[in-house]
Structures are given as structure tokens and as C-alpha cells.
Amino acid sequence: MTGFSRRGACPALSAPMSTGDGLLVRLNPLAGEIAPNVLIGLCESAARHGNGIVEVTARGSIQIRGLTAESARLLAEEVDALGIAVRTGVPVDTSPLAGMDPKETADPTSLVAAIQTAIAEVDLATRLGPKVSVVVDGRGQIGLGAIIGDVRLVAKDAERWRLSVAGDESSARLVGEVDADAACAVTLDILQAIAALGRQGRARDLGPEVTRAVVEAYETSRSFTPPSVVPDISATGRKIGSSAGSADHAASSMGGGGDGSLISPFAGEMSGRTEGGGKDRYPTDSRTEHSAATDSSPIGILPLTGARIALGIALPFGSIEASTLARFCQAATAAGATGIRPAPGRTLLVMGLDRSAAATLTTTAQSLSLVTSPADPRIRIAACPGAPACASGMIAARDVAAEIAHEIGESLDPTLSLHVSGCAKGCAHPGPATLTIVGDEKGAVFVVGGTAKGLPAAYTAGYEAARGMGRLTKLLAQERKPDENAAACLARLGAKRLAQALAQE
């Protein structure tokens, strides 16, 4: 079992990862789409060999939990028998609707293919760590701004791409603007520089001289416009060839070499972990019809080219019983669905429907407690399985999260990001949240503006966590100033005031 427990590995189908509830595998269909009857077969396999839980991550990967070394091997065999080809190599992520989205600024499919081909031609996958990834965002109805990538290419218009490194849309460092040909070449240059750092290298480890070298190589070309000030890519200032992080710690394999899952830069072996490279950011607009100008949620009806549409539904906290998902797939088949695509934001896109069939399937999804509206408070809460599913869990995190969503509902402050974690590992949301509820020996810890490992601001009994959150919500409503967001208000109130609110009957 030790071969499956190395921290920082990728839990791909060929390299399961040890978690608090057994082994975890993650897969992405190479075609991007799974036929409903094939997904039913995958659900049956998950129930047969795992703990019966299927997840879709914030980044849009499928996870199957509760496996053993033997059952993971059997699952892999059945995935192959079902004809599900899974992606391998360096992930080059783009919208699951790429090339069929009428609201895209640019169709990214040819650029994605060019980057994948270039990576394969120089065999970069064997020299890069399993967490290195590329994001190509055509700026369509499904936003990729929250997806973290070592290299990010975002469409500025039909011909040009904004190139940045090491982060999501808000944190990545801008390099410049390129046309499609230069975008592929510069991406390969940056990946080559990361490979020179060793298997643990990431774009954030590259020193500013690397960016300067890229700019100097392309600034004389009409296809590249460098920024006015060259950004410092790395806070550490590491240089190409640095010995830091050069050790090769390839993930243990069950007989497969390449790794095709979507990888988080916050990898770990913990139960309930998501890929972290996809933060949970959803609009609070209650509409189900999408507007490209204001709405990038994958939930609801998404018009496609021609007269086609896709229906996006989300899994509550990214998790569902395999039997429930199989029932939904049966309903999708009856509605005329041609395929189902996992998508960012813990969602599934049902393809091939007309509007009448989409309305009928939405009703079925609601009856199965799936998320059918971007206003559903469950999509604004990150939660791991917690106790008793995970051996590390000190509270039933998803039960607490569901109770919060039910009791507080739409009164949950829209500026507040909430994370409920069974323990201090913080698997479901490795980064900081406005408020984090963490299980520990004392019950439930409330952390303000930090991660699950952060300094506690207040405590309450575990069974009181949801009601405590309700009291904090009322406090926020009373005390927030017009120009304050939830985070600023909580920080201003301080730990003593929060503790007093939690202690109220």
C-alpha cells in the first residue's frame, strides 16, 4: 500500500492515491464525453469496487473513491472494457464546449491540438512533474478563470492570446500577447524551462530572467507584444538549472506510464481533496439561461452552435452516490441525450437535448437533489467527505455543509466563501476561504480568512457548527457596512466578537 501513499502524486487511473477512505483514482475521458450508458457502467463499477461514491472535481475530473489495490486494478480493467479512453500526458485544459460555443471569443481547439502535438514531439511529459498543466481559455460560456495553470492562454480576440504564467486568472503573471503560432512556441519554451528544474519544477519556480529570455526571443516578432514591465515570475527567484526541486518523484504506477488527470498545484494524499487548481467561483445570478457578459457558471441551459443546447447540472459538494448518478443517466438517455461531459465547477454537461427535454431532465435532477441553479447555496460551499467516510475526519463535513445550505439558504452572504473541512488537512479547498469550519478534538474550529490549518478565531461543538454559522450570518447582516465585504467585516469584528456570537443560545 505504501506505493500509493506518496504525497504530491497524481491519483490517476494508473496510479491510485491513498486517502482516508481508501484509494482514490481520477480520470478524464480522452474524447471529453461519455455516452450515458457507458457512464452507467462506470457507476456500476464504482459501486462494485469502491465505496459507491463518484465525484466531479472543481477542475472537471471524475473521481472514484474507496478502492483497494486489487479493486483499483479491477476498476481499471473495467474502464478499459467500457471503451473509456483516458487522457495521458501533460494536461492542456480548455472548455468542454470548445469549438461548439457560439459565445467564444476564439475557438481554442486548434491551438490546444498544436500544443499537445508539440509536447509529444519533444517527449516533455516524461520530463515534467505530474502537476504541470496548461490552460487555453477561449472565453466562452464556461469560465476557466479559476483554473490554475503553469501556462495560461486567454483569448483577447479571434487572433490573439494573452499569455501569463503560474496561477489562475487573478494571480497569474502576465507575459504578453501572442498570435496562435507564437502561443504554441512560447508555451513550449516555458514548459522546457520548467522541465530543466526537474520533476518537481513549476512555473512559479522560474526566475525573472526566464521571462526576459522569452520576451527577447519574441519581441522582435510582430506576433508578440510584451508588457510594459517584465513581471517577476518567481518570488523565490530560482533559475533554470537550480537544484531545488530537481528530485524525480514520479507517481507509483499500476502498469501505466503517462498521467492524464487534471492536477492541482496543491496535491496531497488526503481524503476528499479536490484538484485545487479549480477554485469554486460561481455567480449568484438565479437565471438558468446564460449570458456571456455576466455569467460563466456551467449550470443551466447553454446554447451551442446551430439549434443545439447543453444542460449543466452540478453535484452537491462535488459528490454523488453512484446509484443516484446511474438513475440520472437513465433519465438522460430517455430524454435523448447523446453524451455527458464532466466540466469545471463540479458539474456535468448533458449533450444532445432540445429545450423541452432539458426542462424534463432538470425536474428529474431536482428530484435527485442535484444542483440545477447557479443560485443554489451548495455551490458556494466546499466540503470534504469528513466523518465517518474518512478516517481523518473529526466532523461530518458534508452533513454540516448540507445543513448550512438548507438552514441559511440564499441568505448566505454572496461575498463569503465557505469551506467545511473534516480535519486540518483542508483537502476540499487547500487555499484560504473567507470562513473555514474545521473539525478537531474540541469540536468545530472557525478560521477567518485562512486555510483549514489557520489560527482559530472561535470554537463550537461539532453538532453546533451549522447553527453557529447561522448566528454568524445574522451577525454579518447586522454589522456589515455598505462598503464592506464579508471578509472585511469578519476581520473588523475580531475573534472575541465571533466567539460571543457562537456562544449565544
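In case you missed it, the structure is sitting above this.
Residues numbered from 1 in each chain as written. Predicted model: local features only at pLDDT ≥ 70, side-chain atom pairs only at ≥ 80, totals over all residues. Heavy atoms only, no water.

A. Here's a closer look at the nonpolar core. With 44 residues, the main nonpolar core has I313, L325, F328, V350, L353, L361 and L370 as its most contacted residues. Among the elements that take part in this core, helix 6 (residues 322–334) stands out by supplying seven residues, more than any other. Residue contacts for I313: discarding those within four places in its chain leaves F328, R346, T347, L348, A365, L370, V371 and T372. (Core = buried A, V, L, I, M, F, W, Y, C linked by side-chain atoms within 4.5 Å. Buried < 20%, exposed > 50% of the residue type's maximum accessible area, 1.4 Å probe, protein only. Helix = DSSP H or I, 4+ residues; strand = E, 2+ residues; numbered from the N terminus. Contact = heavy atoms within 4.5 Å.)

B. Here's a closer look at the sheet that holds strand 19 (residues 443–450). Taken in spatial order, the five strands of this open sheet run 16-17-18-19-20, and their pairing is mixed. Both edges of this open sheet fall to strand 16 (381–383) and strand 20 (458–460), since each of them pairs with a single strand only. Strand-to-strand twist in this sheet, taken as the mean axis angle between neighbours without regard to direction, amounts to 20°. Pairing of strand 16 with strand 17 (residues 418–421), which is carried by three bridges, proceeds in the parallel orientation. (Pairing = 2+ DSSP bridges. Axes fitted to C-alpha atoms, helices over the stretch in contact; angles between N-to-C directions.)

C. Representation of the pattern of salt bridges within the structure. Going through the model one piece at a time under the given rule, you end up with 18 salt bridges. One salt bridge in this structure joins E484 and R492, with 2.7 Å as the shortest N-O distance. Where salt bridges share partners, they join K156, R160, R162 and E177 into one cluster. (Salt bridge = Lys/Arg side-chain N within 4 Å of Asp/Glu carboxyl O.)

D. Highlighting the packing of helix 3 (residues 109–121) against helix 4 (residues 180–195). Orientation of helix 3 relative to helix 4, taken along the N-to-C sense of each, is 35°, at an axis distance of 10 Å. Crossing hand, helix 3 versus helix 4: right-handed. Touching L111, A114, I115, A118 and I119 of helix 3 are A180, A183, C184, T187, L188 and L191, all from helix 4. Tallied by class, residues from the contact of helix 3 with helix 4 come to ten nonpolar, one polar and no charged. (Left-handed = near helix turned anticlockwise from the far one by under 90°. Nonpolar A, V, L, I, M, F, W, Y, C, P; charged D, E, K, R; others polar.)

E. A look at the packing of aromatic side chains. Evaluation of the coordinates by the stated rule reveals zero aromatic pairs. In this arrangement the basic side chain of K442 is found over the ring face of Y459, its NZ or CZ atom lying 4.8 Å from the centre. (Phe/Tyr/Trp six-rings, centres within 6.5 Å; stacked < 30°, edge-to-face > 60°. Lys NZ or Arg CZ within 6 Å of the ring centre and 35° of its normal.)

F. Just the packing of helix 8 (residues 397–408) against helix 9 (residues 465–479), in detail. Between helix 8 and helix 9, the least distance of the axes is 9 Å, while the angle of their chain directions is 40°. Considered as vectors, helix 8 and helix 9 are oriented oblique to each other. Of the two elements, helix 8 crosses helix 9, and the hand of that crossing is right-handed. Between helix 8, through V400, E403, I404, E407 and I408, and helix 9, the contact on the second element is made entirely by A465, A466, R467, M469, G470 and T473. (Parallel < 35°, antiparallel > 145°, perpendicular 65-115°, else oblique.)

G. Just the sheet that holds strand 12 (residues 309–314), in detail. Taken in spatial order, the four strands of this open sheet run 11-12-15-14, and their pairing is antiparallel. Whereas interior strands pair on both sides, the edge strands pair on one side only; in this sheet they are strand 11 (300–303) and strand 14 (339–343). Going from strand to strand, the sheet's axes swing by 30° on average, the running direction of each strand aside. As judged from the five bridges shared by strand 14 and strand 15 (residues 347–353), these two strands associate in the antiparallel manner. Along strand 15, the bridge assignment pairs R341 with L349.

H. Region of interest: the pairing of strand 8 (residues 160–167). Extensive coverage of strand 8 is indicated by the burial of six of its eight residues. Pairing of strand 7 (residues 149–155) with strand 8 involves six bridges; the strand directions are antiparallel. Paired with V151 across the bridge in strand 8 is V165. Remark: four residues form the turn of the hairpin made by strand 7 and strand 8, two consecutive strands paired antiparallel. Two elements, strand 8 and strand 9 (residues 173–179), share six bridges in a ladder whose sense is antiparallel. Across the sheet, R162 pairs through a bridge with E177, a residue of strand 9. Here strand 8 folds back onto strand 9, and the loop between the two strands holds five residues.

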